[in-house]
Number of protein chains: 2
Amino acid sequence: MNIILLSGGSGKRLWPLSNEIRSKQFLQLFKRRDGIYESMLQRVYNQLNNIGIQTNVTIAASKKQISAVYAQLGNDVDVCMEPCRKDTFPAIALSAAYLVDVKKVKPTEAVVVCPVDPLVTNDYFRALIALQYQAELEMANIVLMGIVPTAPTDKYGYILPAGDKKLASVKSFKEKPTPEMAKEYIAQGALWNGGVFAFKLQYVLSKAKEILGYNRYDELLAHYDSFEEVSFDVAVVEKEKSVQVMRFSGDWMDMGTWDALADAMSDPILGKGVIDETSSGVQIINEMDVPILAVGLHDVVISASPDGILVSDKDTSSFIKPFVDKFDSQARFTEKSWGSIKILDVESGSQTVKITLNRGQSMEYESHARRDELWVVISGEGQAILDGKRNNVKKGDIITMRAGCKHTITAAKELKMIEIRLGEEISADDQQKYDLLAALNAASM
Amino acid sequence: MNIILLSGGSGKRLWPLSNEIRSKQFLQLFKRRDGIYESMLQRVYNQLNNIGIQTNVTIAASKKQISAVYAQLGNDVDVCMEPCRKDTFPAIALSAAYLVDVKKVKPTEAVVVCPVDPLVTNDYFRALIALQYQAELEMANIVLMGIVPTAPTDKYGYILPAGDKKLASVKSFKEKPTPEMAKEYIAQGALWNGGVFAFKLQYVLSKAKEILGYNRYDELLAHYDSFEEVSFDVAVVEKEKSVQVMRFSGDWMDMGTWDALADAMSDPILGKGVIDETSSGVQIINEMDVPILAVGLHDVVISASPDGILVSDKDTSSFIKPFVDKFDSQARFTEKSWGSIKILDVESGSQTVKITLNRGQSMEYESHARRDELWVVISGEGQAILDGKRNNVKKGDIITMRAGCKHTITAAKELKMIEIRLGEEISADDQQKYDLLAALNAASM
């Protein structure tokens, strides 16, 4: 069974936990039975691998997300990397071509595309199998999952099926309606569009050729930058005459907004926090190292990260995006494949950053043209390479790097250090990368 | 006119803005007409100095608060320093002795003692003059201000006067009652106890001799550590038969709790924050450098500092103290007479701190036995003294100090630096101070 898991966008609707680099699907908010917290991505990937049939899961992720995907799922996972964000149609086209050209899957096989963010049980995965089976029958070009609505919400698009059978052809699509219109649609038998599609690979490759001009993986990759941003719904589904929908009435909860996320969390407090006894329905998700105290509140979600603090009524929390769009977009905390970076202080002319390198990992080998840097190791051990020369480093060591100096560090044990950046203009763009493996091999002691 | 201004305690009821070192009276939250923000202390001190008669104001402050008092009021202010906190009776006794022995005020003169935290207008200060005048008449040993209640609150103690005249003798005192009991007291003509007393200096000195065993300034100072903690109300007022109360019906608002403070602030947002249009009655006081977003909230106060985050219903916000008492008490942000210290990161075995030194100011000359330190100057210029040797320092300079090294720094221009502390046990107690003036004079270049 072929599955393309869409790893999703930047998710500002879950600010301040998610940011440009750290998307909602990577937040480790969900407690497993063994007490370990896992992310949406980890949860759905593990669920997919446990449904008991052979699944061939490819994760469609953007370049910025790659290191987070590997960090959470390990290095053996299949990832189709989008060089930049272009919405779901180019991403699905690229992934389909990746399956055919790189993974050598036959174009006549069907594939199921599903988003990473719903909170679901095994019923859902059984439905995915049925969806792929139906797509292989080729009774329609696309088979959609239609979720039986539990409320007349304005958060999803609606699918109007022709009739009330388990499987039906699609009569029409309705964009996110008002709650009043939603009631009317539901009375007419409408289903939620859960963003799950199944089709034969050759179908989407023909669409790619038609719309993007290419359908080979290497071509799509080479021209990816030039594609227009367009969703699969708009580019393909809504224009296609031959679409079927399969009803799904099992558990399904979209984790795209704070209220849904808060409901799905098993503990009222994640991180440091206290909720007084006069409060009810309060959810605290705190990534800062100081406490949050909630007093006399009802149905409120409070979330704090190095990027900011949200305090929101749960019902209203779906509508934070326009405000967040206006905030300074520099992410204060970033997870990397090799560890993490946390901005501690920003001044005009300097930045102070805490870097954690996981055991055995190396940072990028890089230089900066317009800033000096210095490292102070505060714990652990490792080896720094500066302009090709190795230096063993340990707690208390100071490493200074003038602008232009190529530098990296490898952690022998987990290594933490404070990095101080000094320069008139400190920017993420001021980064020249070099080949780390070559540097490691060539470096002298 | 002699006034003792009680600078007040550590004020956990305004957590997270106030902490052990930074008390509520120093928070610069109140906007003056010229747009500058001032603290409770600055506001009341300026009001006292502007009432148009000669006032002799002495500020009773604890040792920990001294640098904040000087930083806010200048170095010419009269401060009677309590070597440690012992509640209001020892503090008032010490201040009275300070007035007589150090300031050479006659013991037959009256003094008015008032707290720093009410938000008041000129009426209040005129009432203080009347109170001192009444005390000098010696019709009673103590004259209190009784504030005409505006609501049956449970936040204050009540005074029951004999009769409803402007001036009356006191029948009895009632500790903070339930709102129901408060209604009953008010029906009987009770007044709020605003913590304002007037008496002749010799009266309180005789009480000091009687209760503490001493009444000379040098004796009280020398034995201060050994005194029991007791309030002036309990030790003196409630036991005294000869007490008068003077009614005050002007503006008076106690700033001791978040709801009162929020009401008194002219802007809904102080610091970085956004309140959405569906919210009402929301107050944001944000000292962090990331934004707070409030959505769909009503009558809520949100306050964030490097010490933590409070989100509270305004009515309930008076009751946060028991929760705050349980939090880790290390203050993350401290204002000093010479600048400020902000803890950026705490790890086992290291701390990273940002230090801001105001122009012309010097840090303490000190050493630490159990930690190494290093400074990285991120802006400004100055001169470091390390074990008696001067070093000019500027942006980008690194200064390392092994455990035991005596060190200080003086800012030629405002100087900011990152201090990294490294050691197995990093504690505020591990500090040996040396004479800075002697060091400055002796230091060699």
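Since this is a predicted model, take the numbers as computed values, not measurements.

S.K.: Would you mind showing me how to read the overall build of chain A here?
M.R.: Check the secondary structure of chain A and you find eleven helices and 30 strands. For 445 residues, the compact-globule formula gives about 22 Å, and the C-alpha radius of gyration of chain A, at 24 Å, lands near that figure. Over its C-alpha atoms, taken along the principal directions, chain A stretches across nearly 70 × 60 × 40 Å. Considering only contacts within chain A whose residues lie at least 6 apart along the sequence, 65% involve residues at least 24 apart. Counting only carbon and sulfur atoms, one obtains 47% of the accessible surface of chain A, whose full area is about 18700 Å².

S.K.: Got a minute to help me understand the relation of the copies chain A and chain B in this structure?
M.R.: Between the two copies of this chain, the relationship is a rotation about some axis together with a displacement along it. Superposing chain A onto chain B requires a rotation of 180° together with a translation of 0.0 Å along the rotation axis, leaving an RMSD of 0.1 Å. Seen this way, the second copy is the image of the first under a two-fold rotation axis. Considering only C-alpha atoms, the residue of chain A closest to the rotation axis is A:Leu344, which sits at 3.0 Å.

S.K.: Where do I start with unusual backbone geometry in this structure?
M.R.: Backbone geometry follows two general trends: most residues other than glycine have a negative phi, and most peptide bonds adopt the trans configuration. A cis amide bond links A:Trp15 to the next residue, A:Pro16, at an omega of 5°. Secondary-structure assignment places A:Pro16 in the loop between β1 (2-6) and β2 (30-31). For A:Asp387, which is not glycine, the phi dihedral falls at a positive 50°. Note on placement: A:Asp387 falls in the loop between β25 (381-386) and β26 (389-394). In this structure A:Asp387 comes out as partly exposed when scored by relative accessible area, which is 48%. Unusually for a residue other than glycine, B:Asp87 sits at a positive phi of about 70°. Within the element layout of this structure, B:Asp87 appears in the loop between β5 (78-82) and α3 (88-102).

S.K.: Explain the interface of chain A and chain B to me, please; I cannot follow it from the model alone.
M.R.: Reports often express the size of an interface as the amount of accessible area lost when the parts come together. The partner chain B presents 53 residues to the 53 residues of chain A that form the contact. Interface of chain A and chain B: buried area, both sides summed, is about 4300 Å²; carbon and sulfur atoms make up 68% of it. Linking chain A with chain B are ten salt bridges. Between A:Lys354 and B:Asp345 there is a salt bridge, and its shortest N-O distance comes to 2.9 Å. Summed over the shared surface of chain A and chain B, the result is 20 residue pairs in polar contact (both at pLDDT 80 or more). In terms of residue count, the dominant contributor to the side of chain A that touches chain B is strand β19 (residues 308-313) of chain A (six residues). One ladder, built from four bridges, connects β19(A) with strand β17 (residues 292-295) of chain B; its direction is parallel.

S.K.: Honestly, the sheet that holds strand β21 (residues 339-347) of chain A in this entry has me stumped. Any pointers?
M.R.: Backbone hydrogen bonds hold the strands of a sheet together, and the pairing may be parallel or antiparallel. Residue and element names in this part refer to chain A. Spatially, the six strands line up as an open sheet ordered β20-β21-β22-β29-β24-β27, and their pairing is antiparallel. In this open sheet, the two edge strands, each paired with only one partner strand, are β20 (333-336) and β27 (398-401). For this sheet, the mean angle separating the axes of adjacent strands, direction not counted, is 20°. The pairing of strand β24 (residues 372-379) with strand β29 (residues 415-422) spans seven bridges and is classified as antiparallel. The residue of β29 that forms the bridge with Trp375 is Glu419.

S.K.: When you look at the state of the cysteines in this model, what are you seeing that I'm missing?
M.R.: Simply put, the disulfide is a covalent bond whose two ends are the sulfur atoms of two cysteines. All names here are of chain B. This structure, assessed with the given rule, holds zero disulfides over all chains. The thiol of Cys114 is unpaired, and the distance to the nearest cysteine sulfur, on Cys80, comes to 15 Å. Residue Cys114 is classed as buried on the basis of its relative accessible area of 0%.

S.K.: Mind showing me how you'd approach the pairing of strand β6 (residues 110-115) of chain A here?
M.R.: Regular strands have side chains that alternate between both faces of the sheet. All names here are of chain A. In terms of burial, β6 is largely enclosed, as six of its six residues are buried. Burial along β6 is two-sided: the residues Ala110, Val112 and Cys114 and Val111, Val113 and Pro115 are all buried. Direction of pairing for β1 relative to β6: parallel, over a ladder of five bridges. Of the residues in β6, the one forming a bridge with Leu5 is Cys114. Strand direction decides the pairing type here: β6 and strand β11 (residues 191-200), joined by four bridges, are antiparallel. Counted as the bridge partner of Ala110 is Lys200 from β11.

S.K.: Help me understand the sheet that holds strand β15 (residues 273-275) of chain A, please; the structure alone is not making it clear to me.
M.R.: Strand order in the open sheet formed by six strands is β15(A)-β17(A)-β19(B)-β18(B)-β16(B)-β14(B), and the pairing between neighbours is mixed. Only two strands of the sheet have a single partner each, and these edge strands are β15 of chain A together with β14 (269-270) of chain B. The pairing of strand β16 (residues 283-286) of chain B with strand β18 (residues 300-305) of chain B spans four bridges and is classified as parallel. Bridge pairing links B:Gln283 to B:Val301 in β18(B).

S.K.: I tried to follow a nonpolar patch on the surface on my own but got confused; where do I start?
M.R.: Together, A:Tyr133, A:Leu137 and A:Met139 line one region of the surface with nonpolar side chains, adding up to about 350 Å² of accessible area. As for its placement among the helices and strands, A:Tyr133 is situated in helix α4 (residues 122-136).

S.K.: Please clarify how the side chain of A:Gln383 should be interpreted in this entry.
M.R.: Residues and elements named next belong to chain A. By the element assignment, Gln383 lies in strand β25. In terms of polar contacts, Gln383 uses its side chain to reach the side chain of Arg390, at 2.8 Å. Only 2.9 Å separates the side chain of Gln383 from the side chain of Asn392, close enough to count as a polar contact.

S.K.: Which parts of the structure should I look at to understand the pattern of salt bridges?
M.R.: For side chains of opposite charge, pairing can occur when their charged atoms come near one another. Residue and element names in this part refer to chain A. One pass over the full model with this rule turns up 50 salt bridges over all chains. Asp267 is the partner of Lys31 in a salt bridge, and the nearest nitrogen-oxygen pair spans 3.1 Å. Placement of the pair is Lys31 in strand β2 and Asp267 in the loop between α9 (258-264) and β14 (269-270), with a sequence separation of 236 residues. With relative accessibility at 40%, the residue Lys31 sits in the partly exposed group.

S.K.: Explain the pairing of strand β9 (residues 158-161) of chain B to me, please; I cannot follow it from the model alone.
M.R.: All names here are of chain B. Side chains Tyr158 and Leu160 project from β9 onto one buried face, and the interleaved Ile159 and Pro161 project onto a second face that is buried too. As judged from the four bridges shared by β9 and strand β10 (residues 167-174), these two strands associate in the antiparallel manner. Bridge pairing in β10 places Pro161 opposite Val170. If you look at the hairpin formed by β9 and β10, you'll find five residues sitting between the two strands, and Gly163 has a positive phi there, around 100°.

S.K.: How do you make sense of the packing of helix α1 (residues 40-49) of chain B against helix α2 (residues 66-73) of chain B when you look at a structure like this?
M.R.: Between two packed helices, the angle of one axis relative to the other and the distance separating the axes together describe the packing. Residue and element names in this part refer to chain B. Across the interface, α1 lies against α2 with an axial gap of 10 Å and an inter-helix angle of 55°. Of the possible angle classes, the one that applies to α1 and α2 is oblique. The handedness of the crossing between α1 and α2 is right-handed. Touching Leu41, Gln42 and Tyr45 of α1 are Val69, Gln72 and Leu73, all from α2. By residue class, the composition of the contact of α1 with α2 is four nonpolar, two polar and no charged.

S.K.: Just checking my understanding: could you explain helix α3 (residues 88-102) of chain A for this structure?
M.R.: Along an α-helix, a turn takes 3.6 residues, which lines up residues three or four apart on a common side. Residue and element names in this part refer to chain A. An ideal rise of 1.5 Å per residue puts 21 Å on 15 residues; α3 measures up with 20 Å between its terminal C-alpha atoms. With respect to burial, α3 is a largely interior element, twelve of its 15 residues being buried. Phe89, Pro90, Ala91, Ile92, Ala93, Leu94, Ser95, Ala96, Ala97, Tyr98, Leu99 and Val100 are the residues of α3 that are buried. Backbone geometry just downstream of α3 places Lys104 in the positive-phi region, at approximately 60°.

S.K.: Explain the environment of A:Glu414 here, please?
M.R.: Looking at the secondary structure, you find A:Glu414 in the loop between β28 (407-411) and β29. Setting aside residues no more than four positions away along its own chain, A:Glu414 makes contact with A:Thr356, A:Leu357, A:Asn358, A:Arg359, A:Ser379, A:Gly380 and A:Glu381.

S.K.: Got a minute to help me understand the side chain of A:Ser95 in this structure?
M.R.: All names here are of chain A. Along the chain, Ser95 falls in helix α3. Ser95 gets classed as buried once you look at its relative accessible area, which sits at 0%. Among residues more than four places away in sequence, those in contact with Ser95 are Ile4, Ala60 and Cys80.

S.K.: How do you make sense of helix α4 (residues 122-137) of chain B when you look at a structure like this?
M.R.: Relative to the 22 Å expected for 16 residues at 1.5 Å per residue, α4(B) spans 23 Å between its end C-alpha atoms, a close match to the ideal helical length. Buried within α4(B) we find B:Tyr124, B:Phe125, B:Ala127, B:Leu128, B:Leu131, B:Gln132, B:Gln134 and B:Ala135.

S.K.: Which parts of the structure should I look at to understand the confidence of the model for chain A?
M.R.: In regions of low pLDDT, the predicted coordinates are not meant to be interpreted in detail. Residue-level pLDDT values for chain A average 91, and 98% of them are 70 or greater. The complex prediction reports pTM at 0.80, with the ipTM value standing at 0.79.

Rules behind the numbers
- Residues numbered from 1 in each chain as written.
- Chains lettered and ligands numbered in written order.
- Predicted model: local features only at pLDDT ≥ 70, side-chain atom pairs only at ≥ 80, totals over all residues.
- Heavy atoms only, no water.
- Helix = DSSP H or I, 4+ residues; strand = E, 2+ residues; numbered from the N terminus.
- Rg over C-alpha atoms; globule rule 2.2 N^0.38 Å.
- Contact = heavy atoms within 4.5 Å.
- Areas by Shrake-Rupley, 256 points an atom, 1.4 Å probe, with all protein chains shown as cover.
- Least-squares fit on C-alpha atoms with pLDDT ≥ 70 in both.
- Buried < 20%, exposed > 50% of the residue type's maximum accessible area, 1.4 Å probe, protein only.
- Buried area = accessible area lost by both parts, 1.4 Å probe.
- Salt bridge = Lys/Arg side-chain N within 4 Å of Asp/Glu carboxyl O.
- Polar contact = N/O pair within 3.5 Å; in protein donor to acceptor, adjacent residues only side chain to side chain.
- Pairing = 2+ DSSP bridges.
- Axes fitted to C-alpha atoms, helices over the stretch in contact; angles between N-to-C directions.
- Disulfide = S-S within 2.5 Å.
- Patch = residues over 30% accessible without salt bridge, like charges linked within 9 Å, V, L, I, M, F, W, Y side chains within 5 Å.
- Parallel < 35°, antiparallel > 145°, perpendicular 65-115°, else oblique.
- Left-handed = near helix turned anticlockwise from the far one by under 90°.
- Nonpolar A, V, L, I, M, F, W, Y, C, P; charged D, E, K, R; others polar.
- Expected span 1.5 Å × (residues − 1).
- pLDDT = per-residue confidence, 0-100.

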